[in-house]
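Results of the structural survey
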Amino acid sequence: MRVFILVSGAFTGAHVWQETAARLTAAGGAAHAVPLTGIDPARPAAPEHVGLETHIDDVIAAIDAVDVTSGREIVLVGHDYGIHPVLGAADRRAERVTRVVYLDCGMPQNGVPALAAVPDQTLRARLAERAEAGGPRGVLPAPARDAWERWGSTAGVGEAALDRLTALAAPQPLGTLLQPLRLTGAVAAVPVTGVLCAKNGASIGMVQRLVDFGDPALAVLTEPQVTFFELPTGHWPMLSCPAALADVLLRAAAGEGHRLRPTGDDAPAPAHLRPFPLDVPELPRDRRGHVDLYVPDGEGPRPAVIFVHGGPVPAGARPRPREWPTLVGYARLAASAGMVGATLDHRLHDLADYERAAADIAAGVELVRADTRVDAGRIALWFFSGGGLLMTDWLTRPPAWLRCLAASYPVLAPLPAWGMSGSRFHPAGAIDQAGTLPVALLRAGLETPEIAATVDAFVTAAEDGAVRLELVDVPNGHHGFETLDPPEETRPALHHAMRSVVTHLTG
(Lines give C-alpha, C1' and ligand atoms only; values in the text may rest on other atoms or scores of the structure.)
Protein backbone atom coordinates (compact mmCIF):
# COMPACT_ATOMS: atom_id res chain seq x y z
CA MET A 1 0.00 0.00 0.00
CA ARG A 2 1.21 3.49 -0.81
CA VAL A 3 1.14 6.30 1.72
CA PHE A 4 0.98 9.81 0.30
CA ILE A 5 2.40 12.48 2.60
CA LEU A 6 1.09 15.83 1.34
CA VAL A 7 2.81 19.13 2.18
CA SER A 8 1.13 22.40 1.30
CA GLY A 9 2.58 25.65 0.06
CA ALA A 10 2.88 29.10 1.57
CA PHE A 11 0.03 30.38 3.75
CA THR A 12 -1.96 27.14 3.42
CA GLY A 13 -2.59 24.33 5.88
CA ALA A 14 -3.48 20.68 5.61
CA HIS A 15 -7.11 21.58 4.82
CA VAL A 16 -6.33 22.28 1.12
CA TRP A 17 -5.69 18.56 0.56
CA GLN A 18 -9.04 17.36 1.89
CA GLU A 19 -10.66 16.35 -1.41
CA THR A 20 -7.48 14.98 -2.99
CA ALA A 21 -6.66 12.95 0.12
CA ALA A 22 -10.18 11.47 0.16
CA ARG A 23 -9.81 10.31 -3.44
CA LEU A 24 -6.39 8.78 -2.77
CA THR A 25 -7.84 6.87 0.16
CA ALA A 26 -10.83 5.72 -1.88
CA ALA A 27 -8.40 4.34 -4.46
CA GLY A 28 -6.85 2.08 -1.84
CA GLY A 29 -3.96 4.20 -0.64
CA ALA A 30 -3.43 6.23 2.49
CA ALA A 31 -3.00 9.98 2.60
CA HIS A 32 -1.67 12.21 5.34
CA ALA A 33 -1.66 15.99 4.96
CA VAL A 34 1.09 17.38 7.22
CA PRO A 35 0.06 20.24 9.52
CA LEU A 36 2.99 22.66 9.41
CA THR A 37 4.04 24.33 12.66
CA GLY A 38 3.15 27.99 12.90
CA ILE A 39 0.78 27.83 9.92
CA ASP A 40 -1.71 25.07 10.60
CA PRO A 41 -4.04 25.69 13.57
CA ALA A 42 -3.21 22.20 14.83
CA ARG A 43 0.39 23.28 15.49
CA PRO A 44 0.52 26.85 16.81
CA ALA A 45 3.91 28.44 17.51
CA ALA A 46 5.48 31.88 17.84
CA PRO A 47 6.76 32.96 14.38
CA GLU A 48 10.25 33.73 15.64
CA HIS A 49 10.63 30.08 16.61
CA VAL A 50 9.61 28.71 13.20
CA GLY A 51 11.99 28.18 10.30
CA LEU A 52 12.43 25.80 7.40
CA GLU A 53 14.06 23.28 9.72
CA THR A 54 10.89 23.29 11.83
CA HIS A 55 8.84 22.23 8.84
CA ILE A 56 11.43 19.65 7.80
CA ASP A 57 11.01 18.12 11.27
CA ASP A 58 7.23 18.12 10.76
CA VAL A 59 7.61 16.08 7.57
CA ILE A 60 10.20 13.75 9.11
CA ALA A 61 7.76 13.02 11.93
CA ALA A 62 5.12 12.09 9.36
CA ILE A 63 7.58 9.78 7.58
CA ASP A 64 8.66 8.11 10.81
CA ALA A 65 5.03 7.46 11.75
CA VAL A 66 4.64 5.12 8.75
CA ASP A 67 5.43 1.47 9.33
CA VAL A 68 7.46 0.70 6.22
CA THR A 69 8.24 -2.81 7.46
CA SER A 70 4.71 -3.77 6.47
CA GLY A 71 5.54 -3.04 2.83
CA ARG A 72 4.08 0.47 2.68
CA GLU A 73 5.70 2.80 0.17
CA ILE A 74 5.99 6.49 1.04
CA VAL A 75 5.37 9.11 -1.63
CA LEU A 76 6.16 12.68 -0.58
CA VAL A 77 4.24 15.43 -2.38
CA GLY A 78 5.37 19.05 -2.06
CA HIS A 79 3.32 21.90 -3.46
CA ASP A 80 4.86 25.33 -3.97
CA TYR A 81 6.92 26.19 -0.84
CA GLY A 82 6.13 22.70 0.47
CA ILE A 83 8.78 21.14 -1.77
CA HIS A 84 11.48 22.67 0.45
CA PRO A 85 10.57 20.80 3.65
CA VAL A 86 9.78 17.73 1.53
CA LEU A 87 13.29 17.67 0.06
CA GLY A 88 14.89 18.39 3.41
CA ALA A 89 13.03 15.47 4.98
CA ALA A 90 13.58 13.12 2.02
CA ASP A 91 17.30 13.84 2.14
CA ARG A 92 17.41 12.60 5.76
CA ARG A 93 15.08 9.65 5.22
CA ALA A 94 16.01 8.72 1.66
CA GLU A 95 15.89 4.99 2.41
CA ARG A 96 12.23 5.26 3.48
CA VAL A 97 10.91 7.37 0.58
CA THR A 98 10.02 5.74 -2.76
CA ARG A 99 9.22 8.91 -4.71
CA VAL A 100 9.13 12.70 -4.38
CA VAL A 101 6.48 14.60 -6.33
CA TYR A 102 7.17 18.24 -7.22
CA LEU A 103 3.72 19.81 -7.57
CA ASP A 104 3.90 23.01 -9.63
CA CYS A 105 7.09 24.22 -7.99
CA GLY A 106 10.73 24.86 -8.72
CA MET A 107 13.80 22.72 -8.14
CA PRO A 108 15.33 23.92 -4.85
CA GLN A 109 19.07 23.54 -4.51
CA ASN A 110 21.32 23.01 -1.53
CA GLY A 111 22.10 26.22 0.33
CA VAL A 112 19.31 28.24 -1.32
CA PRO A 113 16.42 29.54 0.80
CA ALA A 114 12.78 29.26 -0.25
CA LEU A 115 12.83 33.04 -0.67
CA ALA A 116 14.42 32.44 -4.09
CA ALA A 117 11.18 30.77 -5.21
CA VAL A 118 8.83 33.58 -4.11
CA PRO A 119 7.15 34.48 -7.42
CA ASP A 120 6.64 38.19 -6.69
CA GLN A 121 10.05 39.60 -7.61
CA THR A 122 9.44 42.96 -5.92
CA LEU A 123 8.48 41.27 -2.66
CA ARG A 124 11.42 38.91 -2.94
CA ALA A 125 13.86 41.79 -3.26
CA ARG A 126 12.32 43.58 -0.30
CA LEU A 127 12.51 40.51 1.93
CA ALA A 128 16.10 39.86 0.84
CA GLU A 129 17.08 43.39 1.86
CA ARG A 130 15.34 42.90 5.18
CA ALA A 131 17.21 39.65 5.77
CA GLU A 132 20.57 41.22 4.93
CA ALA A 133 19.84 44.03 7.37
CA GLY A 134 19.21 41.48 10.12
CA GLY A 135 15.68 42.70 10.77
CA PRO A 136 13.27 40.79 12.99
CA ARG A 137 11.83 37.59 11.57
CA GLY A 138 8.12 38.08 11.87
CA VAL A 139 5.56 36.88 9.35
CA LEU A 140 4.55 37.53 5.80
CA PRO A 141 0.82 38.37 5.83
CA ALA A 142 -1.46 36.03 3.93
CA PRO A 143 -2.81 37.32 0.61
CA ALA A 144 -6.15 39.10 0.43
CA ARG A 145 -8.78 37.42 -1.71
CA ASP A 146 -7.86 39.41 -4.82
CA ALA A 147 -4.10 38.96 -4.34
CA TRP A 148 -3.69 35.20 -4.74
CA GLU A 149 -2.86 35.65 -8.43
CA ARG A 150 0.44 37.21 -7.37
CA TRP A 151 1.38 33.78 -6.00
CA GLY A 152 0.10 31.71 -8.91
CA SER A 153 -2.80 31.37 -11.29
CA THR A 154 -6.16 30.71 -9.63
CA ALA A 155 -7.56 29.31 -12.89
CA GLY A 156 -10.15 26.65 -12.14
CA VAL A 157 -10.59 27.57 -8.47
CA GLY A 158 -14.28 28.29 -7.85
CA GLU A 159 -15.54 31.31 -5.94
CA ALA A 160 -16.44 29.27 -2.86
CA ALA A 161 -13.07 27.54 -2.83
CA LEU A 162 -11.27 30.86 -3.19
CA ASP A 163 -13.31 32.28 -0.31
CA ARG A 164 -12.34 29.30 1.85
CA LEU A 165 -8.69 29.50 0.81
CA THR A 166 -8.62 33.13 1.89
CA ALA A 167 -10.53 32.58 5.13
CA LEU A 168 -8.24 29.75 6.26
CA ALA A 169 -4.96 31.25 5.07
CA ALA A 170 -2.33 31.94 7.71
CA PRO A 171 0.67 34.29 7.80
CA GLN A 172 3.92 32.63 6.70
CA PRO A 173 6.75 32.75 9.27
CA LEU A 174 9.64 34.52 7.56
CA GLY A 175 12.16 32.05 8.92
CA THR A 176 10.68 29.41 6.62
CA LEU A 177 11.58 31.56 3.62
CA LEU A 178 14.95 32.87 4.78
CA GLN A 179 16.56 29.74 6.21
CA PRO A 180 18.66 27.94 3.54
CA LEU A 181 17.78 24.42 2.52
CA ARG A 182 20.55 22.02 3.55
CA LEU A 183 20.93 18.79 1.56
CA THR A 184 23.57 16.07 1.82
CA GLY A 185 22.83 14.71 -1.64
CA ALA A 186 21.13 11.53 -0.45
CA VAL A 187 17.81 12.65 -1.92
CA ALA A 188 19.30 12.51 -5.43
CA ALA A 189 18.79 8.73 -5.41
CA VAL A 190 15.03 9.03 -4.84
CA PRO A 191 12.84 8.82 -8.00
CA VAL A 192 10.94 12.02 -8.74
CA THR A 193 7.90 13.21 -10.67
CA GLY A 194 7.11 16.74 -11.70
CA VAL A 195 3.45 17.75 -11.98
CA LEU A 196 3.17 20.97 -14.00
CA CYS A 197 0.13 23.24 -14.13
CA ALA A 198 -0.21 24.63 -17.64
CA LYS A 199 -2.41 27.60 -16.80
CA ASN A 200 0.24 28.75 -14.36
CA GLY A 201 2.71 29.00 -17.24
CA ALA A 202 4.56 25.68 -16.94
CA SER A 203 4.47 22.78 -19.41
CA ILE A 204 6.36 19.64 -20.26
CA GLY A 205 7.28 21.16 -23.61
CA MET A 206 8.83 24.15 -21.86
CA VAL A 207 10.93 21.91 -19.62
CA GLN A 208 12.03 19.87 -22.64
CA ARG A 209 13.19 23.07 -24.36
CA LEU A 210 15.24 24.04 -21.30
CA VAL A 211 16.90 20.62 -21.33
CA ASP A 212 17.51 20.91 -25.07
CA PHE A 213 19.50 24.11 -24.52
CA GLY A 214 22.32 21.88 -23.31
CA ASP A 215 22.84 23.05 -19.74
CA PRO A 216 24.57 20.10 -17.98
CA ALA A 217 22.79 20.98 -14.72
CA LEU A 218 19.45 19.99 -16.29
CA ALA A 219 20.60 16.67 -17.72
CA VAL A 220 19.36 14.94 -14.56
CA LEU A 221 15.78 15.59 -15.72
CA THR A 222 16.23 13.07 -18.54
CA GLU A 223 17.13 10.16 -16.27
CA PRO A 224 14.76 7.16 -16.34
CA GLN A 225 13.64 7.69 -12.73
CA VAL A 226 12.28 11.17 -13.55
CA THR A 227 8.75 11.50 -14.95
CA PHE A 228 6.37 14.36 -15.67
CA PHE A 229 2.66 15.04 -15.84
CA GLU A 230 0.83 18.16 -16.96
CA LEU A 231 -2.54 19.40 -15.72
CA PRO A 232 -4.59 22.01 -17.64
CA THR A 233 -5.24 24.12 -14.58
CA GLY A 234 -3.82 26.85 -12.35
CA HIS A 235 -1.46 26.73 -9.39
CA TRP A 236 -3.86 25.09 -6.91
CA PRO A 237 -4.92 21.80 -8.55
CA MET A 238 -5.96 20.32 -5.17
CA LEU A 239 -8.73 22.93 -5.24
CA SER A 240 -9.44 23.22 -8.97
CA CYS A 241 -9.26 19.55 -10.02
CA PRO A 242 -8.73 17.26 -7.00
CA ALA A 243 -9.89 14.14 -8.84
CA ALA A 244 -7.46 14.68 -11.72
CA LEU A 245 -4.68 15.46 -9.27
CA ALA A 246 -5.35 12.28 -7.28
CA ASP A 247 -5.24 10.25 -10.49
CA VAL A 248 -1.92 11.81 -11.47
CA LEU A 249 -0.44 11.15 -8.01
CA LEU A 250 -1.48 7.50 -8.18
CA ARG A 251 0.07 7.14 -11.62
CA ALA A 252 3.23 8.94 -10.49
CA ALA A 253 3.54 6.56 -7.53
CA ALA A 254 3.37 3.66 -9.99
CA GLY A 255 6.29 5.10 -11.97
CA GLU A 256 4.19 6.33 -14.88
CA GLY A 257 4.50 9.65 -16.64
CA HIS A 258 6.23 11.37 -19.54
CA ARG A 259 10.00 11.03 -19.77
CA LEU A 260 12.05 13.79 -21.33
CA ARG A 261 14.15 13.24 -24.41
CA PRO A 262 17.86 13.20 -23.55
CA THR A 263 20.44 15.30 -25.33
CA GLY A 264 23.75 14.07 -26.68
CA ASP A 265 25.44 12.86 -29.83
CA ASP A 266 22.96 10.03 -30.40
CA ALA A 267 19.85 12.12 -29.75
CA PRO A 268 17.88 13.89 -32.49
CA ALA A 269 18.72 17.55 -32.88
CA PRO A 270 16.51 19.71 -30.63
CA ALA A 271 14.17 22.13 -32.35
CA HIS A 272 16.33 25.22 -31.82
CA LEU A 273 19.32 23.53 -33.52
CA ARG A 274 17.51 22.31 -36.62
CA PRO A 275 18.18 23.99 -39.99
CA PHE A 276 16.56 27.29 -40.90
CA PRO A 277 13.75 26.63 -43.42
CA LEU A 278 14.88 29.18 -46.04
CA ASP A 279 17.86 29.13 -48.36
CA VAL A 280 20.11 31.99 -47.27
CA PRO A 281 23.65 33.03 -48.29
CA GLU A 282 26.50 31.52 -46.26
CA LEU A 283 27.84 34.85 -45.09
CA PRO A 284 30.55 34.71 -42.41
CA ARG A 285 29.90 36.21 -39.02
CA ASP A 286 31.80 39.25 -37.80
CA ARG A 287 31.92 38.99 -34.00
CA ARG A 288 31.98 42.25 -32.03
CA GLY A 289 31.63 41.72 -28.28
CA HIS A 290 28.28 40.05 -27.59
CA VAL A 291 27.05 40.83 -31.14
CA ASP A 292 27.56 38.96 -34.41
CA LEU A 293 27.17 40.92 -37.65
CA TYR A 294 26.32 39.46 -41.06
CA VAL A 295 27.20 42.09 -43.65
CA PRO A 296 26.38 41.81 -47.37
CA ASP A 297 28.96 42.68 -50.00
CA GLY A 298 28.92 46.15 -51.51
CA GLU A 299 29.04 49.72 -50.39
CA GLY A 300 27.50 50.88 -47.11
CA PRO A 301 26.36 52.07 -44.76
CA ARG A 302 23.22 49.93 -44.65
CA PRO A 303 20.17 49.66 -42.39
CA ALA A 304 20.38 46.92 -39.77
CA VAL A 305 17.99 44.36 -38.33
CA ILE A 306 18.93 43.16 -34.83
CA PHE A 307 17.51 39.80 -33.75
CA VAL A 308 16.85 39.34 -30.02
CA HIS A 309 16.53 35.78 -28.75
CA GLY A 310 13.97 34.65 -26.20
CA GLY A 311 14.40 32.90 -22.90
CA PRO A 312 15.14 32.38 -20.17
CA VAL A 313 18.10 30.43 -21.54
CA PRO A 314 20.29 28.70 -18.92
CA ALA A 315 23.73 30.23 -18.49
CA GLY A 316 25.32 26.88 -19.30
CA ALA A 317 23.51 26.46 -22.62
CA ARG A 318 25.75 25.62 -25.57
CA PRO A 319 25.82 26.78 -28.27
CA ARG A 320 24.89 30.31 -27.25
CA PRO A 321 21.66 31.74 -28.73
CA ARG A 322 23.32 34.05 -31.25
CA GLU A 323 24.76 30.91 -32.88
CA TRP A 324 21.44 29.05 -33.18
CA PRO A 325 20.50 28.22 -36.79
CA THR A 326 17.22 30.11 -36.52
CA LEU A 327 18.82 33.39 -35.40
CA VAL A 328 21.71 33.05 -37.84
CA GLY A 329 19.23 32.21 -40.59
CA TYR A 330 17.18 35.33 -39.92
CA ALA A 331 20.32 37.49 -39.89
CA ARG A 332 21.50 36.06 -43.21
CA LEU A 333 18.00 36.49 -44.64
CA ALA A 334 18.21 40.18 -43.73
CA ALA A 335 21.62 40.35 -45.38
CA SER A 336 20.23 38.77 -48.55
CA ALA A 337 17.78 41.69 -48.65
CA GLY A 338 20.64 44.18 -48.45
CA MET A 339 20.46 44.83 -44.73
CA VAL A 340 23.06 44.19 -42.04
CA GLY A 341 21.77 41.28 -39.96
CA ALA A 342 22.84 41.10 -36.31
CA THR A 343 22.37 38.54 -33.57
CA LEU A 344 23.24 39.18 -29.96
CA ASP A 345 23.47 37.35 -26.65
CA HIS A 346 21.79 38.77 -23.58
CA ARG A 347 21.84 37.41 -20.05
CA LEU A 348 18.22 36.40 -19.59
CA HIS A 349 19.11 33.26 -17.67
CA ASP A 350 16.32 33.52 -15.11
CA LEU A 351 12.99 35.31 -14.82
CA ALA A 352 14.65 37.81 -12.50
CA ASP A 353 17.10 38.81 -15.26
CA TYR A 354 14.89 40.96 -17.48
CA GLU A 355 16.46 44.22 -16.30
CA ARG A 356 19.94 42.88 -17.01
CA ALA A 357 18.88 41.52 -20.39
CA ALA A 358 17.35 44.88 -21.32
CA ALA A 359 20.67 46.58 -20.55
CA ASP A 360 22.56 44.00 -22.63
CA ILE A 361 20.26 44.65 -25.58
CA ALA A 362 20.62 48.42 -25.33
CA ALA A 363 24.40 48.04 -25.28
CA GLY A 364 24.27 45.67 -28.25
CA VAL A 365 22.13 48.09 -30.25
CA GLU A 366 24.61 50.88 -29.68
CA LEU A 367 27.46 48.60 -30.69
CA VAL A 368 25.68 47.84 -33.97
CA ARG A 369 24.84 51.50 -34.61
CA ALA A 370 28.48 52.48 -34.04
CA ASP A 371 29.71 50.17 -36.80
CA THR A 372 30.71 52.18 -39.88
CA ARG A 373 28.96 49.68 -42.17
CA VAL A 374 25.61 50.41 -40.49
CA ASP A 375 23.28 53.33 -41.12
CA ALA A 376 22.75 54.33 -37.49
CA GLY A 377 19.54 56.14 -38.41
CA ARG A 378 17.78 53.04 -39.76
CA ILE A 379 17.48 50.23 -37.24
CA ALA A 380 14.87 47.50 -36.68
CA LEU A 381 14.62 45.16 -33.70
CA TRP A 382 13.12 41.67 -34.01
CA PHE A 383 12.19 39.75 -30.84
CA PHE A 384 11.42 36.09 -30.21
CA SER A 385 9.43 34.11 -27.62
CA GLY A 386 10.13 35.18 -24.01
CA GLY A 387 12.18 38.06 -25.37
CA GLY A 388 8.89 39.66 -26.36
CA LEU A 389 8.66 41.35 -22.95
CA LEU A 390 11.87 43.18 -23.83
CA MET A 391 10.01 45.08 -26.55
CA THR A 392 8.64 47.29 -23.78
CA ASP A 393 11.60 49.67 -23.64
CA TRP A 394 11.49 50.21 -27.40
CA LEU A 395 7.76 50.85 -27.46
CA THR A 396 8.20 53.48 -24.75
CA ARG A 397 8.96 56.67 -26.69
CA PRO A 398 10.95 54.99 -29.48
CA PRO A 399 13.99 56.90 -30.77
CA ALA A 400 13.80 58.39 -34.25
CA TRP A 401 16.34 55.92 -35.61
CA LEU A 402 14.15 52.94 -34.63
CA ARG A 403 12.16 52.41 -37.81
CA CYS A 404 10.37 49.16 -36.97
CA LEU A 405 9.80 46.41 -34.41
CA ALA A 406 9.03 42.79 -35.23
CA ALA A 407 8.24 39.79 -33.05
CA SER A 408 7.90 36.07 -33.72
CA TYR A 409 5.61 33.99 -31.44
CA PRO A 410 6.32 36.45 -28.60
CA VAL A 411 5.28 36.32 -24.98
CA LEU A 412 3.74 39.77 -24.54
CA ALA A 413 2.83 39.75 -20.85
CA PRO A 414 4.41 37.92 -17.91
CA LEU A 415 2.79 34.55 -17.31
CA PRO A 416 1.16 34.04 -13.88
CA ALA A 417 3.95 31.92 -12.39
CA TRP A 418 6.60 34.43 -13.41
CA GLY A 419 5.94 36.73 -10.45
CA MET A 420 6.32 39.91 -12.50
CA SER A 421 3.06 41.66 -11.70
CA GLY A 422 4.95 44.73 -10.54
CA SER A 423 7.44 44.62 -13.40
CA ARG A 424 7.74 47.31 -16.07
CA PHE A 425 7.98 44.67 -18.79
CA HIS A 426 4.41 44.81 -20.09
CA PRO A 427 4.45 45.64 -23.83
CA ALA A 428 0.70 46.32 -24.07
CA GLY A 429 1.01 49.01 -21.41
CA ALA A 430 3.67 50.83 -23.43
CA ILE A 431 1.80 51.00 -26.72
CA ASP A 432 0.22 54.36 -25.98
CA GLN A 433 3.74 55.88 -25.89
CA ALA A 434 4.91 54.30 -29.16
CA GLY A 435 3.31 56.79 -31.52
CA THR A 436 3.02 55.45 -35.07
CA LEU A 437 5.90 52.98 -34.79
CA PRO A 438 5.36 50.04 -37.18
CA VAL A 439 5.18 46.62 -35.51
CA ALA A 440 5.16 43.33 -37.45
CA LEU A 441 3.81 40.45 -35.35
CA LEU A 442 4.25 36.84 -36.52
CA ARG A 443 1.47 34.93 -34.79
CA ALA A 444 1.49 31.16 -34.35
CA GLY A 445 -1.96 29.71 -34.91
CA LEU A 446 -1.22 26.73 -32.64
CA GLU A 447 0.35 28.79 -29.87
CA THR A 448 -0.18 27.62 -26.29
CA PRO A 449 -3.36 29.18 -24.86
CA GLU A 450 -1.51 30.98 -22.07
CA ILE A 451 0.89 32.74 -24.46
CA ALA A 452 -1.83 33.32 -27.06
CA ALA A 453 -3.83 35.24 -24.46
CA THR A 454 -0.93 37.69 -24.00
CA VAL A 455 -0.74 38.21 -27.75
CA ASP A 456 -4.49 38.83 -27.98
CA ALA A 457 -4.27 41.45 -25.22
CA PHE A 458 -1.43 43.19 -27.04
CA VAL A 459 -3.33 43.22 -30.34
CA THR A 460 -6.37 44.70 -28.61
CA ALA A 461 -4.26 47.44 -27.03
CA ALA A 462 -2.59 48.16 -30.38
CA GLU A 463 -5.94 48.53 -32.10
CA ASP A 464 -6.85 51.23 -29.59
CA GLY A 465 -3.61 53.15 -30.20
CA ALA A 466 -1.70 54.73 -33.07
CA VAL A 467 0.81 51.91 -33.55
CA ARG A 468 0.82 50.50 -37.06
CA LEU A 469 0.41 46.82 -36.30
CA GLU A 470 0.78 44.29 -39.09
CA LEU A 471 -0.25 40.72 -38.27
CA VAL A 472 1.51 37.94 -40.15
CA ASP A 473 -0.27 34.70 -39.31
CA VAL A 474 1.12 31.17 -39.48
CA PRO A 475 -2.20 29.33 -39.07
CA ASN A 476 -0.74 25.88 -38.48
CA GLY A 477 2.38 27.13 -36.74
CA HIS A 478 3.58 26.18 -33.27
CA HIS A 479 5.72 28.20 -30.89
CA GLY A 480 9.12 28.10 -32.63
CA PHE A 481 7.51 27.26 -35.95
CA GLU A 482 10.63 27.88 -38.09
CA THR A 483 12.15 24.51 -37.13
CA LEU A 484 9.15 22.67 -35.68
CA ASP A 485 6.76 22.83 -38.62
CA PRO A 486 7.00 21.89 -42.31
CA PRO A 487 8.88 24.58 -44.29
CA GLU A 488 5.98 25.05 -46.69
CA GLU A 489 3.87 26.19 -43.72
CA THR A 490 6.34 28.85 -42.58
CA ARG A 491 8.23 30.16 -45.61
CA PRO A 492 5.52 32.54 -46.87
CA ALA A 493 5.20 34.20 -43.47
CA LEU A 494 8.96 34.61 -43.06
CA HIS A 495 9.33 36.20 -46.50
CA HIS A 496 6.31 38.43 -45.86
CA ALA A 497 7.57 39.65 -42.50
CA MET A 498 11.09 40.33 -43.76
CA ARG A 499 9.78 42.29 -46.76
CA SER A 500 7.69 44.38 -44.40
CA VAL A 501 10.66 45.17 -42.14
CA VAL A 502 12.89 46.01 -45.10
CA THR A 503 10.23 48.34 -46.47
CA HIS A 504 10.08 50.26 -43.21
CA LEU A 505 13.88 50.51 -43.10
CA THR A 506 14.30 51.71 -46.68
CA GLY A 507 11.12 53.72 -47.22
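A brief structural summary. (Residues numbered from 1 in each chain as written. Predicted model: local features only at pLDDT ≥ 70, side-chain atom pairs only at ≥ 80, totals over all residues. Heavy atoms only, no water.)

**A few points about the overall build of the protein**
Of the regular secondary structure elements, the protein holds 16 helices and 16 strands. Seen through its C-alpha atoms, the protein measures out along the principal axes to roughly 80 × 50 × 40 Å. Looking at the protein as a whole, 55% of its 507 residues qualify as buried. Considering only residue pairs separated by 6 or more positions, the protein has 79% of its internal contacts joining residues 24 or more positions apart. Total accessible area on the protein is roughly 20100 Å²; 54% of this is exposed by carbon and sulfur atoms. Charge separation in the protein, taken as the distance between the mean sites of 42 positive and 56 negative side-chain charges, equals 2 Å. (Helix = DSSP H or I, 4+ residues; strand = E, 2+ residues; numbered from the N terminus. Buried < 20%, exposed > 50% of the residue type's maximum accessible area, 1.4 Å probe, protein only. Contact = heavy atoms within 4.5 Å. Areas by Shrake-Rupley, 256 points an atom, 1.4 Å probe, with all protein chains shown as cover. Lys, Arg positive; Asp, Glu negative; His and termini not counted. Charge placed at Lys NZ, Arg CZ, Asp CG, Glu CD.)

**Describing the environment of Pro 85**
Within the element layout of this structure, Pro 85 appears in helix α3 (residues 83-92). Taking the C-alpha atoms as reference points, Pro 85 and Arg 164, separated by 79 residues in sequence, lie 25 Å from one another. Sequence-distant contacts of Pro 85, defined by excluding residues within four places in its chain, comprise Val 7, Leu 52, His 55, Ile 56 and Val 59.

**What to know about the pairing of strand β10 (residues 291-294)**
Across the two faces of β10 the burial is the same, with Val 291 and Leu 293 and Asp 292 and Tyr 294 all buried. Counting the residues in the hairpin turn of strand β9 (residues 286-288) and β10 gives two residues, including Gly 289, whose phi is positive at 65°. (Pairing = 2+ DSSP bridges.)

**Overview of the pattern of salt bridges**
For the structure shown, the criterion picks out 27 salt bridges. Where Arg 93 meets Asp 64, a salt bridge forms, and the shortest distance between an N and an O atom there is 2.9 Å. Of the two residues, Arg 93 is situated in the loop between α3 and β4 (97-103) and Asp 64 in helix α2 (residues 52-64); the sequence distance between them amounts to 29 residues. For Asp 64, a relative accessible area of 38% puts it in the partly exposed group. The residue Asp 375 makes a salt bridge to Arg 378 at a minimum N-O spacing of 3.5 Å. Residue class for Arg 378 comes out partly exposed when judged on its relative accessible area of 24%. One continuous salt-bridge network, built from bridges that share partners, spans Arg 285, Arg 287, Asp 292, Arg 322, Glu 323 and Asp 345. (Salt bridge = Lys/Arg side-chain N within 4 Å of Asp/Glu carboxyl O.)

**Structural notes on the environment of Ala 358**
Summarising the element assignment, Ala 358 is placed in helix α11 (residues 354-370). Residue classification places Ala 358 among the buried residues on the basis of a relative accessible area of 9%. A sequence separation of 36 residues divides Ala 358 from Trp 394, and the C-alpha atoms of the two residues are 10.0 Å apart. Leave out the neighbours within four places in its chain, and Ala 358 touches Leu 390, Asp 393, Arg 424 and Phe 425.

**Details of the pairing of strand β7 (residues 192-197)**
Among the six residues of β7, six are classified as buried, and the element is accordingly described as predominantly covered. The two faces of β7 match: Val 192, Gly 194 and Leu 196 on one face and Thr 193, Val 195 and Cys 197 on the other face are all buried. Pairing between β4 and β7: four bridges, direction parallel. Looking at β7, one finds that Val 101 is bridged to Thr 193. Direction of pairing for β7 relative to strand β8 (residues 226-231): parallel, over a ladder of six bridges.

**Here's the deal with the packing of aromatic side chains**
In total, this model carries 14 aromatic pairs according to the counting rule given. Centre to centre, the rings of Phe 11 and Trp 148 are 6.3 Å apart; their planes meet at 80°, and the pair counts as edge-to-face. Linking Phe 11 in the loop between β1 (2-7) and α1 (18-26) with Trp 148 in the loop between β5 (139-140) and α5 (159-168), this pair joins segments that are 137 residues apart in sequence. For the pair Phe 307 and Trp 382, a centre-to-centre distance of 5.5 Å together with 40° between the ring planes defines the contact as tilted. Of this pair, Phe 307 sits in strand β11 (residues 302-308) while Trp 382 sits in strand β13 (residues 374-384), and the two are 75 residues apart along the sequence. (Phe/Tyr/Trp six-rings, centres within 6.5 Å; stacked < 30°, edge-to-face > 60°.)

**What about unusual backbone geometry?**
Geometrically, the link from Gly 311 to Pro 312 is a cis peptide bond, its omega value of 5° lying close to zero. In this fold, Pro 312 is placed in the loop between β11 and α10 (325-336). A positive phi angle is found at Phe 11, which is not glycine, with a value near 70°. Positive phi outside glycine occurs at Ser 385, with the angle close to 50°. The exposure class assigned to Ser 385 is buried, which follows from its relative accessible area of 18%.

**Side note on the nonpolar core**
Core analysis: the biggest nonpolar cluster contains 82 residues, and Ile 5, Leu 6, Trp 17, Leu 76, Val 77, Val 100 and Leu 177 have the highest contact counts within it. Once residues within four sequence positions are removed from consideration, Leu 177 is found in contact with Tyr 81, Pro 113, Ala 114, Leu 115, Val 118, Leu 127, Leu 140 and Gln 172. Ala 357, Leu 402, Ala 407 and Ala 430 belong to the second largest nonpolar core, which has 46 residues in total. (Core = buried A, V, L, I, M, F, W, Y, C linked by side-chain atoms within 4.5 Å.)

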